[in-house]
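A look at the structure
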Amino acid sequence: MNILEVQHLRISDANTSEILVSDSSFSLKQGSCLAIVGESGSGKSLTCRALMRLNRPWLLQSGDIRFKGEDIMALSPKEMRKRRGKYLYMIVQNGMRAFDPSCVVGVHARETLAQHFNWSKKDIEDKMIQAMKSVMLNNPMDTLNKFPHELSGGMLQRLMIALALVLEPEIILADEPTTALDTISQFEVIEQLVLLRERSGCSMILVSHDLGIVNKIADEVVVMRDGAIVESGHVPTIFTEAQHSYTNYLVSSRLALGSRYKKIMEERVMLASR
């Protein structure tokens, strides 16, 4: 069963008349993870934000987006706000942009949860503390009382994942969730995303240029280039039997980088042992 169906999505710039995403169609199965991959400027993030209707006003979108059969495109802005968070939740690329810099992060968490649940302040606090501990955020009360700039990128990403655990959304859209992080933080956030899927049973759309992460998390993949889908299918099939030359280029580039990284690490181990 498909929880999300996208048909003929088109995004254009009203100022320049440039078509940024042309006639994209794909679906997301209940409980599965769909990855959208491609190089920078391929239309991945635009597509992701279009599903949430969060693109800039001058970026016009058309087509059919259905969440559990409901036409997302036909909802009023007020109705759409009710769907965001509780039903459709987005983890953005740069955690700093997800929070109001003038408030401590706990304010964002409380306001988001109060919008969707009739919980007391203590209930909200207790649930957030429990969720934050589960994603390895120590001293949760201290963290909630800090401003965004006082927390690292990895902590902000894990805080967004903790909030998702409390909200229990049906679809999580993770837009390049590890791009702004160091290697160790990337690993930690990916592990938390895997655990999030296991705990909540949610469906997920992962936007990424990192095929290693895609291979670890996703079930199916959509390959985008210059605003168009050039290939799609199950992850193992795309990685081993890709039909499009661009997909083969992405896969071979990833293998080359992986081999180079492995060689560098082996050299470092040898030097360290001397």
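The preceding data block contains the structure.
Everything numeric in this text was worked out from a predicted model, so none of it was measured. Along every chain, residues carry numbers that run from 1 in the direction the sequence is written. With pLDDT at 70 or above as the cut-off, local features in this predicted model cover only qualifying residues; side-chain atom pairs require 80 or more to be listed or tallied, and sums for whole chains, interfaces and linings still use all residues. Excluding hydrogens and water, the side-chain values take into account all heavy atoms of the structure.

1. Looking at the overall build of the protein chain
Tallying secondary structure elements over the protein chain gives ten helices and ten strands in all. The atom set for the radius of gyration is the C-alpha atoms, and the globule formula is 2.2 Å times the number of residues raised to the power 0.38. Relative to the 2.2 N^0.38 estimate, which gives 19 Å for 274 residues, the radius of gyration of the protein chain is 20 Å and therefore close to what a compact globule would have. Along the first, second and third principal axes, the C-alpha set of the protein chain runs to 60 × 55 × 40 Å. Within the protein chain, buried positions represent 44% of all 274 residues. We call two residues in contact when some of their heavy atoms are within 4.5 Å. The long-range share in the protein chain, meaning contacts at least 24 apart out of those at least 6 apart in sequence, stands at 68%. For the area figures, the Shrake-Rupley method with a 1.4 Å probe applies, and any residue is considered shielded solely by the protein chains shown. Of the roughly 14,200 Å² of accessible surface on the protein chain, a fraction of 50% belongs to carbon and sulfur atoms. Residues scored as charged are limited to Lys and Arg (positive) and Asp and Glu (negative), so that His and the chain ends carry no count. Note that the charge is assigned to NZ on lysines, CZ on arginines, CG on aspartates and CD on glutamates. Within the protein chain, the 32 negative side-chain charges are centred at a point lying 3 Å from the centre of the 32 positive side-chain charges. Secondary structure counts use DSSP, requiring at least four H or I residues in a row for a helix and at least two E residues in a row for a strand, with both numbered from the N terminus. A simple rule labels every residue: compare its accessible area, found with a 1.4 Å probe on the protein chains alone, to the largest value its type can have, and call it buried under 20%, exposed over 50%, or partly exposed in between.

2. As for the environment of Asp-142
Its location among the elements puts Asp-142 in helix H5 (residues 140–144). Separated by 34 residues in sequence, Asp-142 and His-108 have C-alpha atoms that sit 15 Å apart.

3. Remarks on the environment of Gln-93
Considering the arrangement of structural elements, one finds Gln-93 in the loop between strand E6 (88–91) and helix H3 (105–116). Measuring from C-alpha to C-alpha, the distance between Gln-93 and Ala-174 comes to 7.7 Å, with 81 residues separating the pair along the chain.

4. Some thoughts on unusual backbone geometry
For residues besides glycine, phi is generally negative; the peptide bonds are generally trans as well. The phi dihedral of Glu-176 falls on the positive side, at around 45 degrees, and the residue is not glycine. With respect to the helices, strands and loops of the structure, Glu-176 is situated in the loop between strand E7 (171–175) and helix H7 (183–200). The backbone phi angle of Asp-226 is positive, close to 50 degrees, even though this residue is not glycine. Tracing the sequence through the fold places Asp-226 in the loop between strand E9 (220–225) and strand E10 (228–234).

5. A few points about the sheet that holds strand E8 (residues 203–208)
With mixed pairing, six strands are arranged side by side in an open sheet as E6-E7-E8-E3-E9-E10. This sheet does not close on itself; its edge strands, each paired only once, are E6 and E10. Strand-to-strand twist across the sheet, computed as the mean angle between neighbouring axes with direction ignored, equals 15 degrees. Strand direction decides the pairing type here: E6 and E7, joined by four bridges, are parallel. Within E7, the position partnered with Ile-91 by the bridge is Ala-174. Being paired, for any two strands, means DSSP has found at least two bridges between them. Note on definitions: angles span 0 to 180 degrees between N-to-C directions of axes, and those axes are lines fitted to C-alpha atoms, for helices only across the stretch in contact.

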